[in-house]
Amino acid sequence: MILPTVDTAGSQLSTGRHRLDPDTGTLLGSGCAECGWISWPPRAGCPRCHSMQVDPVTLPTSGIAHTWTRVWVPIEGIAPPYDLAVVLLDEVRVFAHLLGVGDRFDTPAPVRLEIGTAEDRPRFWFVPV
Amino acid sequence: MIHDVEVAGAGMHPFGRHPDRSLKDLARIAIVNALDDAGLRLADLDAVYSANSLAGLLGGQEQIRGQTVVRDLGLEGVPVVNVENACASGSTAFREAVTAVRAGTSRIALVVGHEKMYVDDRNASLEALRSASDLEVTTGMGLQFTAIYAMRLQARLAEGSLTLDDLARATVKSHAAGARNPDAQHRREFTSEDVLAARKIADPLTLPMCSSVCDGAAAVIVAHRDAIDSAGRPRVRVRASALGTGTSTDDTEVAVAVSRRAYEQSGIGPGDIEVLEVHDAMAPGELLYYEHLGLCERGQAGELLRRGVTDLGGKQPVNPSGGLCSRGHPVGATGVAQLAELTWQLRGQAGARQVEHARTALAQNSGGWADGDSAVCAVHILESAS
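Residues numbered from 1 in each chain as written. Chains lettered and ligands numbered in written order. Predicted model: local features only at pLDDT ≥ 70, side-chain atom pairs only at ≥ 80, totals over all residues. Heavy atoms only, no water.

**Q** Sorry, what's going on with the overall build of chain B here?
**A** The helix and strand tally for chain B stands at 14 helices and 11 strands. Seen through its principal axes, chain B has C-alpha atoms that stretch 55 × 45 × 40 Å. The contacts of chain B with a sequence gap of at least 6 include a subset with a gap of at least 24, amounting to 76%. For chain B, the exposed surface amounts to about 13400 Å²; the carbon and sulfur share of it is 47%. (Helix = DSSP H or I, 4+ residues; strand = E, 2+ residues; numbered from the N terminus. Contact = heavy atoms within 4.5 Å. Areas by Shrake-Rupley, 256 points an atom, 1.4 Å probe, with all protein chains shown as cover.)

**Q** So what exactly am I meant to see when it comes to helix H1 (residues 23-38) of chain B here?
**A** Three- or four-residue spacings in an α-helix give side chains the same orientation, since the helix completes a turn every 3.6 residues. All names here are of chain B. Across its 16 residues, H1 extends 23 Å between first and last C-alpha, which sits within 8% of the 22 Å expected from 1.5 Å per residue. Taken together, the buried positions of H1 are Leu23, Asp25, Leu26, Ala27, Ala30, Ile31, Ala34, Leu35 and Ala38. Buried residues along H1 sit in contact with strand E1 (5-16), helix H2 (55-59), helix H3 (65-73), strand E4 (108-116) and strand E7 (215-224). Backbone geometry just downstream of H1 places Gly39 in the positive-phi region, at approximately 70°. (Expected span 1.5 Å × (residues − 1). Buried < 20%, exposed > 50% of the residue type's maximum accessible area, 1.4 Å probe, protein only.)

**Q** Would you explain the nonpolar core in this entry?
**A** Across soluble globular proteins, nonpolar side chains have a tendency to be buried as a group. Core analysis: the biggest nonpolar cluster contains 79 residues, and A:Leu27, A:Val94, A:Phe124, A:Phe126 and B:Tyr290 have the highest contact counts within it. Apart from residues lying up to four places away in sequence, B:Tyr290 is in contact with B:Lys173, B:Leu295, B:Cys296, B:Ala301, B:Leu304, B:Leu305, B:Thr310 and B:Val318. Of all hydrophobic cores here, the second largest spans 38 residues; its members include B:Met12, B:Ala47, B:Ala340 and B:Val355. (Core = buried A, V, L, I, M, F, W, Y, C linked by side-chain atoms within 4.5 Å.)

**Q** Would you mind showing me how to read the interface of chain B and chain A here?
**A** By a widely used convention, the size of an interface equals the accessible area lost when the partners come together. Taken residue by residue, the interface counts 33 residues in chain B and 42 residues in chain A. Taken together, the connections running from chain B to chain A amount to 2 salt bridges. One salt bridge in this structure joins A:Arg43 and B:Asp371, with 3.1 Å as the shortest N-O distance. One can count 19 residue pairs in polar contact (both at pLDDT 80 or more) joining chain B with chain A. Counting only elements with at least two residues in the side of chain B that touches chain A, the list comes to H2, helix H5 (122-130), helix H6 (135-138), helix H7 (145-159) and strand E5 (200-202) of chain B. When the residues that make up the side of chain B that touches chain A are grouped by side-chain class, the tally is 17 nonpolar, 10 polar and 6 charged. (Salt bridge = Lys/Arg side-chain N within 4 Å of Asp/Glu carboxyl O. Polar contact = N/O pair within 3.5 Å; in protein donor to acceptor, adjacent residues only side chain to side chain. Nonpolar A, V, L, I, M, F, W, Y, C, P; charged D, E, K, R; others polar.)

**Q** I would appreciate a short explanation of a negative patch on the surface in the present structure.
**A** Negative charge collects at one region of the surface, where A:Asp90, A:Glu91, B:Asp250 and B:Asp251 lie side by side. By secondary structure assignment, the location of A:Glu91 is in the loop between strand E6 (82-89) and strand E7 (92-98). Exposure remark for A:Glu91: the relative accessible area of 75% places this residue in the exposed category. (Patch = residues over 30% accessible without salt bridge, like charges linked within 9 Å, V, L, I, M, F, W, Y side chains within 5 Å. Lys, Arg positive; Asp, Glu negative; His and termini not counted. Charge placed at Lys NZ, Arg CZ, Asp CG, Glu CD.)

**Q** Explain the side chain of A:Thr69 here, please?
**A** Examined against the element boundaries, A:Thr69 turns out to sit in strand E5 (residues 62-71). Judged by relative accessible area, which is 0%, A:Thr69 ranks as buried. Separated by 2.6 Å, the side chain of A:Thr69 and the backbone oxygen of B:Asp203 make a polar contact. Excluding residues within four positions of it along the chain, A:Thr69 makes contact with A:Tyr82, A:Asp83, A:Leu84, B:Ala147, B:Ala150, B:Met151, B:Gln154, B:Ala202 and B:Asp203.

**Q** Would you mind showing me how to read unusual backbone geometry here?
**A** For residues other than glycine, phi is negative in most cases, and the peptide bonds are mostly trans. Cis rather than trans, the peptide bond between A:Pro80 and A:Pro81 has omega equal to -5°. Mapping A:Pro81 onto the fold places it in the loop between E5 and E6. Of the consecutive residues A:Arg121 and A:Pro122, the connecting peptide bond is found in the cis state with omega at -5°. For B:Ala86, which is not a glycine, the phi torsion comes out positive at approximately 55°. Relative to the helices and strands, B:Ala86 is located in the loop between strand E3 (80-83) and helix H4 (89-103).

**Q** Honestly, the confidence of the model for chain A in this entry has me stumped. Any pointers?
**A** As a note on interpretation, predicted positions should not be read in detail where pLDDT is low. Of all residues in chain A, 90% attain a pLDDT of 70 or more, and the chain-wide mean is 91. The weakest mean pLDDT in chain A belongs to strand E1 (residues 20-21) of chain A at 91; the strongest belongs to E5(A) at 98. (pLDDT = per-residue confidence, 0-100.)

**Q** I'm lost on the packing of aromatic side chains in this one. Help?
**A** Under the counting rule described, the total for this entry stands at 3 aromatic pairs over all chains. Seen from their ring centres, A:Trp40 and A:Phe124 are 5.9 Å apart, and the 85° between their planes marks the pair as edge-to-face. Of the two residues, A:Trp40 is situated in the loop between strand E3 (38-39) and strand E4 (54-58) and A:Phe124 in strand E9 (residues 124-128); the sequence distance between them amounts to 84 residues. Overall, the relative accessible area of 9% leaves A:Trp40 in the buried class. Of the residues examined, A:Phe124 reaches a relative accessible area of 6% and is grouped as buried. Ring centres of A:Trp68 and A:Phe105 lie 5.5 Å apart, and the angle between their planes is 85°; on these two criteria the pair is classed as edge-to-face. Highlighted residues: A:Trp68 in strand E5 and A:Phe105 in the loop between E7 and strand E8 (109-115), separated in sequence by 37 residues. The class for A:Trp68 is buried, based on a relative accessible area of 7%. Looking at A:Phe105, the relative accessible area reads 12%, which means it is buried. Positioned above the aromatic ring of B:Tyr149 is the side chain of B:Arg152, whose terminal nitrogen or guanidinium carbon lies 5.3 Å from the ring centre. (Phe/Tyr/Trp six-rings, centres within 6.5 Å; stacked < 30°, edge-to-face > 60°. Lys NZ or Arg CZ within 6 Å of the ring centre and 35° of its normal.)

Written out as structure tokens, the structure is:
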């Protein structure tokens, strides 16, 4: 592998910004203190008003899978098939794995977040409600 | 004036699998072909813009890839700028050359895009492509560009604004065009049935819908019109050059925003464009770009395709070269190959794939992935100046 295959969190290349809170089982975005815009993944600045006053905010744990695909080609050592989705948590778009959808899944569809252990890759995914 | 900037020559090394050719060989042949086409010599060049995305990751050659390529050919002394901007590296290099000629810092500039993706470990090429996303965000996610296009198209299938038949039809069209292009990687025609029955890649995409690993190079010469002797030669000028990055705070796709800028610069609209090369890394992706580039309203792409408007013989042919899917997508070379194709189209030199009487052309080249949209998009408009 020529690229890192595990989270770079904690490495010198990382922002060190936390993207999830395992205690509460939630994803952490960044919320703008000036205009309220929420970004995922969390950023140092607001893309809407350019304020640099941003704080971690907890994202909803339930949302809508906007679209999905079943992938049949391996990468990063992940055995196919595996399912990927774009999930809307309110207005925030999150790209993530989808688990437990079986052979047929019609989007848009309600899903909820699950967070794995520190050893799990990926660390979080969504399941149908 | 941007209208003083012309494309004086174009050349390619055929796209495909070339185990006997190094990156320097691929680039050399494209450069020599472009110079011959322009009637120019190496000594006429005063700047080089070199596009390559993967030679660092796949071969370890970082930092001075353009210098290594042009010095092998014997070109020294001139400024060489290395451009890396994901799958839009080639068009970004072209834009830099156009900007330099416009500004007067260059009179005759070489733009060369080169890539060698066939390496011993095919997995390494897929891995390298993954680096066109923010790895801090995507590592461990199994991100693949096939999956990104697949999800965009799946959403359209779910809402009913595209059908599987549309996706297959766009793919058949792509391969039919590639079959007519001697420089194309894939030159075999497919039926819709073949396309839909082929090996699955990322639902709803099958293998013939997807661009593949590819070696190749393309070059164009960008020059001030007063710097070249165009007597007796068909002339092509640059009418617009626009570049942008995606935004997350509204739903406007980057290709929409950047093409609007290009139309504003050029003073013409999408209805005036007579031939297009668009970024169909997956063949059905061109349907989405019909809408983004304003060829039709939202949701009307399937109808535009079915009416034959974007076929080779249609009113606005899209990807007569076969596009990324069939011509091939050696990442750094792609954007330059689009501009080479349109140059030949505007001059009436595109052989079996010639679009009749095309006088205005648009190239759209996108790259990378950030927050759900392309991380970069370049749109150029060229026109016949003869």
